[in-house]
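# A structural walkthrough
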Amino acid sequence: MVEPKYRRVLLKVSGEALAGEKGFGINPSVVNGLVKEIKEIHALGVEVAIVVGGGNIWRGNIGAEMGMERSQADYMGMLATVMNGLALQDTLENLGVPTRVQTSIEMRQIAEPYIRRRAIRHLEKRRVVIFAGGTGNPYFTTDTTAALRAVEIGADVILMAKNNVDGVYSADPKLDMNATKFEELTHMEVISKGLSVMDSTASSLSMDNDIPLVVFNMNEPGNIKRVCLGEQIGTTVRGK
Ligand code: UDP
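The rules we used
- Residues numbered from 1 in each chain as written.
- Predicted model: local features only at pLDDT ≥ 70, side-chain atom pairs only at ≥ 80, totals over all residues.
- Heavy atoms only, no water.
- UniProt positions renumbered as here; feature names shortened; annotations may be inferred.
- Pairing = 2+ DSSP bridges.
- Helix = DSSP H or I, 4+ residues; strand = E, 2+ residues; numbered from the N terminus.
- Buried < 20%, exposed > 50% of the residue type's maximum accessible area, 1.4 Å probe, protein only.
- Right-handed = clockwise from strand over helix to strand, strands pointing away.
- Near = heavy atom within 4 Å.
- Polar contact = N/O pair within 3.5 Å; in protein donor to acceptor, adjacent residues only side chain to side chain.
- Areas by Shrake-Rupley, 256 points an atom, 1.4 Å probe, with all protein chains shown as cover.
- 1 Å grid on protein atoms, 1.4 Å probe; cavity = no way out; pocket = protein on both sides within 12 Å on 5 of 7 lines; lining within 4 Å.
- Sits in = over half its atoms within 2 Å of the grid points.
- Contact = heavy atoms within 4.5 Å.

The protein chain is annotated in an unreviewed UniProt entry as Uridylate kinase of Vagococcus martis. We quote the UniProt Sequence similarities (unreviewed entry) comment for the protein chain here in full: "Belongs to the UMP kinase family." UniProt, in the comment section headed Subcellular location (unreviewed entry), describes the protein chain in these words: "Cytoplasm".

Structure, rendered in structure tokens:
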């Protein structure tokens, strides 16, 4: 059997990635496709933790633009990530993959509260751990949650599964014909060039804690496994 490159990964799945073509809500067949790939890497022996976004249901800035109080709107966003987390859990368990959902805001009837040591124990016991509820704080994003949880659980890498984007470009390839794709970057370059990879809080946290990131297209079947096996796809952002 081929040895995976990583022992423990933190997979960031944006809300959009669960929505499919409509761009909103949860599309069961899209979730099913994604989960099959997660099952594959789990079967390789990789320990898998997932941070799930909520943008397919609600984003705090939408509420703020409509005149809502920002924190209130952000809490709605955090709740949206919990719905996505439960959808992922249900689909994974239907395929026979054991899981736990941990939320950063307590809701004990439906999920465990986030407890770092417990999350690590679940991973060691070969359960896929889904982190929902973001960081639990308004004014943050689930990208920052991904960086934070990756550092906390000692993940080897953050896998940034993007929707129809196959890496980091010098400019938006849809708007600029001369945009070029980077194979490798550092977090410092991402920050100094203002590249849109993660928000700057997430990039700083990843840089300060020397955690690499792979940005790749999750709509290409097999890509999650390819990344785990060490194939050079997408863009790798190095820690230092
Ligand atoms: N959010 C938050 N704090 C966090 C994580 C998320 O307030 O730590 C809120 C924020 O309003 C955000 C929404 O949850 O817009 C959904 O998360 P995000 O936009 O990161 O999801 P994604 O873009 O990955 O789908």
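Read on, since the account is not over.
With that out of the way, let us pick up the sheet that holds strand E11 (residues 235-238). Adjacent strands of a sheet pair through backbone hydrogen bonds, lying either parallel or antiparallel. Across the sheet, nine strands lie side by side as E4-E3-E5-E2-E1-E6-E10-E11-E9; this open sheet has mixed pairing. Of all the strands in the sheet, just strand E4 (112-113) and strand E9 (184-186) have a single pairing partner and so form its edges. Examined bridge by bridge, strand E10 (residues 213-217) and E11 share three bridges and lie antiparallel to one another. Residue pairing for E11: Val215 is matched across the bridge by Thr235.

In this section: the UniProt feature "domain: Aspartate/glutamate/uridylate kinase" (unreviewed entry) in the protein chain. Per the UniProt annotation, the sites labelled "domain: Aspartate/glutamate/uridylate kinase" (unreviewed entry) are residues 8-217. Annotated as residues 8-217, this span is 40% helix and 20% strand, and its ends, taken at the C-alpha atoms, are 20 Å apart.

For a regular strand, side chains alternate in direction, first toward one face of the sheet and then toward the other. Counting buried residues along strand E1 (residues 8-13), six of its six residues qualify, which places the element largely inside the surrounding structure. Across the two faces of E1 the burial is the same, with Arg8, Leu10 and Lys12 and Val9, Leu11 and Val13 all buried. In this structure, E1 lies alongside strand E2 (residues 47-52), joined through six bridges in parallel fashion. When the sheet's bridge partners are listed, Val9 is paired in E2 with Val48. In this fold, E1 hands off to helix H1 (residues 28-43), which returns the chain to E2; that crossover is right-handed. Where E1 meets strand E6 (residues 157-162), five bridges bridge the pair, whose relative direction is parallel. Bridging from a neighbouring strand, Val9 pairs with Val157 of E6.

As a further point, take the site of the ligand. Residues in close proximity to the ligand total 21 residues, the closest being Arg59, Asp74, Thr135, Asn137 and Thr142. Here Gly15 contributes a backbone N or O atom positioned 2.7 Å from an oxygen atom of the ligand. Taking Thr142, its side chain carries an N or O atom lying 2.5 Å from an oxygen atom of the ligand. About the coverage of the ligand: the protein hides 93% of its 520 Å² of free accessible area. In a pocket analysis with a 2 Å cut-off to the grid points, the ligand is assigned to the largest pocket. The set of elements that each furnish at least two residues to the shell around the ligand consists of helix H3 (70-94) and helix H5 (142-153).

A word on the side chain of Ser71. Assignment of secondary structure puts Ser71 in helix H3. We classify Ser71 as buried; its relative accessible area is 15%. Ignoring anything within four residues of it in the chain, the contact list for Ser71 reads Pro138 and Tyr139.

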